[in-house]
Amino acid sequence: MSLLCCVSKVLERLIFNTLYKFCQHRLHENQYGFRKNRSAVVQLLVYLDSIYQKYDDPTVDNLTILYLDFAKAFDKVPHDLLILKLQSFDIGGKLLQLISSYLSDTIGAMTIQNWCSENKMQLNTSKCKLLNIKGTFTAAIDNLEIEPTNLQRDLGLWITSNLTWNDNCTTRTKKGLSALFQLKRNLSTNSTRNSKLNSYVGYVVPVLTYCSQAWQPNKSNLAKFERVQEIATKWILNASFEYKDRLLQLKLLPLSLYVEMHNLLLLISLDRNEYDVVVDLPRVTEDKTRQHTRGELTIGTNRLYKTDENFFHRTKLLYNIIIRVYTSYGKYLNKDTISKIYWDYFLRKYDKRDK
């Protein structure tokens, strides 16, 4: 990739904003990178949903994920094919001439070897992996067998062949502790409570809870997360009284409730089409039933217990429970009401031992 000056970056952004509106409806539905109103979290949710569904399907004997790695993908994008693709999108005239001239003057590696011959991209076979979820599958590229693995990093998450999240939770906990100790080491001892609190919320919590909607921590892993926040609250307040009282002083929710609340908020955002992705969230249709009146979501029955960990299954259950208990909110659940519900629960019923 080339290092661009500020003027070039501004020009790129102007061209992108114009082209995106014109091209977005032609992009593949599974394309999430560099698209507006899409995110790594949503991509992982949709992706894992398809895996869980196939995992639960008794007619599927083999379920294997093939991870491909392109060698220096951004450096080796063939500019001539990129121009042809833009022409196929009915882009031409001076705009195409400008883009063509811009690309030709941009320094970049252009060595093309094999297939992906149609798109002139090269696979890095040493980094391609096979993750067998059900059954055993083998594959080869250029007569080289792809290495099977039981653990694969995908958009920052560690996905395992048995769909457990212990490795991911361990990684999140270690990174969260590391981030917290960096703060403690680098912030002045004279830092105010608010400075330490804002640093913790802005720097450590996102590390701990990265893409938390996509994975399901068990009680043991949640306890490890909570331990990080316990250490943080003692440091922020320079005190060691009861954990719940420290949280109340700092206006923080326990991480177990924080993660659950954000699961629910994302589901509501998806239901209200706030993301540029189609997700099927049907409601109970039987008239004259309490479930229909409350606007509960339809929840299918899974064959395997493991499939219950799917975000869409567990969070729809949570959504229905919330509107059964808090019927006055009904279909008007939003960030403020959800936050009020969780703070109410925390104040009245939360016990650290029940996490």
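This text gives an overview of the structure that appears in the document.

So, how was this worked out
Residues numbered from 1 in each chain as written. Predicted model: local features only at pLDDT ≥ 70, side-chain atom pairs only at ≥ 80, totals over all residues. Heavy atoms only, no water. Helix = DSSP H or I, 4+ residues; strand = E, 2+ residues; numbered from the N terminus. Buried < 20%, exposed > 50% of the residue type's maximum accessible area, 1.4 Å probe, protein only. Contact = heavy atoms within 4.5 Å. Areas by Shrake-Rupley, 256 points an atom, 1.4 Å probe, with all protein chains shown as cover. Axes fitted to C-alpha atoms, helices over the stretch in contact; angles between N-to-C directions. Parallel < 35°, antiparallel > 145°, perpendicular 65-115°, else oblique. Nonpolar A, V, L, I, M, F, W, Y, C, P; charged D, E, K, R; others polar. Salt bridge = Lys/Arg side-chain N within 4 Å of Asp/Glu carboxyl O. Core = buried A, V, L, I, M, F, W, Y, C linked by side-chain atoms within 4.5 Å. Phe/Tyr/Trp six-rings, centres within 6.5 Å; stacked < 30°, edge-to-face > 60°. Lys NZ or Arg CZ within 6 Å of the ring centre and 35° of its normal. Expected span 1.5 Å × (residues − 1). Polar contact = N/O pair within 3.5 Å; in protein donor to acceptor, adjacent residues only side chain to side chain.

Take the overall build of the protein chain next. If you tally the helices and strands in the protein chain, you get 12 helices and seven strands. Looking at the 355 residues of the protein chain, the share that counts as buried comes to 41%. Considering only residue pairs separated by 6 or more positions, the protein chain has 65% of its internal contacts joining residues 24 or more positions apart. Here the protein chain has roughly 20,900 Å² of accessible surface; of this, 53% comes from carbon and sulfur atoms.

What follows is about the packing of helix α5 (residues 166-186) against helix α7 (residues 219-237). Two quantities define a packed helix pair, namely the angle between the helix axes and the distance between the axes. Interaxial distance between α5 and α7 falls to 9 Å at its minimum, and their mutual angle equals 5°. Accordingly, the angle class assigned to the pair α5 and α7 is roughly parallel. Two secondary-structure elements touch here, α5 through N166, C169, R172, T173, G176, L177, L180, L183 and K184 and α7 through N221, K224, F225, V228, I231, A232 and W235. Taken together, the residues of the contact of α5 with α7 break down into nine nonpolar, four polar and three charged.

This part covers the pattern of salt bridges. This model, assessed by the stated rule, comprises nine salt bridges. Here K129 makes a salt bridge to E147, at a shortest N to O gap of 2.7 Å. Here E147 lies in strand β5 (residues 147-149) and K129 lies in strand β2 (residues 129-134), a separation of 18 residues in the sequence. Notably, a salt bridge pairs E309 with K306, separated by 3.4 Å at the nearest N-O pair. Here E309 matches K306 in class, with each residue buried. In this structure, a network of salt bridges that share partners links the residues R294, E296 and R324.

Here we take up the nonpolar core. Counting 68 residues, the largest nonpolar core has Y200, L270 and Y342 as its most contacted members. With nine residues, the top contributor of residues to this core is helix α9 (residues 255-271). Beyond its immediate chain neighbours, meaning those up to four positions away, Y200 contacts L180, L183, V205, Q229, A232, I236, L252 and L255. Core analysis: the second largest hydrophobic core is formed by nine residues, C23, I83, L86 and I99 among them.

What follows deals with the environment of I65. Counting through the fold element by element, I65 comes out in strand β1 (residues 63-67). Owing to a relative accessible area of 10%, I65 belongs among the buried residues under this scheme. In this structure, the C-alpha to C-alpha distance between I65 and P148, residues 83 residues apart in sequence, is 9.9 Å.

Looking now at the packing of aromatic side chains. Taken as a whole, this structure holds four aromatic pairs when the rule is applied. The interplanar angle of 35° and the centroid separation of 5.4 Å between the aromatic rings of F16 and Y20 together place this pair among those described as tilted. With F16 and Y20 both in helix α1 (residues 6-23) and four residues apart, this pair spans about one turn of that helix. Looking at Y20, the relative accessible area reads 7%, which means it is buried. Ring plane angle 80° and centroid distance 5.6 Å describe the contact between W215 and F225, whose orientation is recorded as edge-to-face. Residue W215 is found in the loop between α6 (193-208) and α7, and its partner F225 is found in helix α7; the two are separated by 10 residues along the sequence. Each member of the pair, W215 as well as F225, carries the same accessibility label: buried. Across from the ring centre of W235, 5.3 Å away, lies the NZ or CZ of K196, which sits over that ring.

Residues three or four positions apart in an α-helix share a direction because the helix packs 3.6 residues into each turn. In a regular helix each residue adds 1.5 Å, so 15 residues correspond to 21 Å; helix α12 (residues 335-349) covers 21 Å between its end C-alpha atoms and thus fits that length. For α12, the set of buried residues is T337, I338, I341, Y342 and F346. Considering only its buried residues, α12 is in contact with α8 (243-250), α9 and α11 (311-325). The backbone nitrogen of D336 has a side-chain oxygen 3.0 Å away, supplied by the residue at the start of α12, namely N334.

On to the environment of N302. With respect to the helices, strands and loops of the structure, N302 is situated in the loop between α10 (290-294) and α11. When the C-alpha positions of N302 and D56 are compared, they lie 6.8 Å apart, and in sequence the two are 246 residues distant. Setting aside chain neighbours within four positions, we find N302 in contact with D56, T307, D308 and H313. A polar side-chain atom of N302 sits 2.8 Å from a polar atom in the side chain of D308. Within the local environment of N302, its side chain forms a polar contact with the side chain of H313, the two groups lying 3.2 Å apart.

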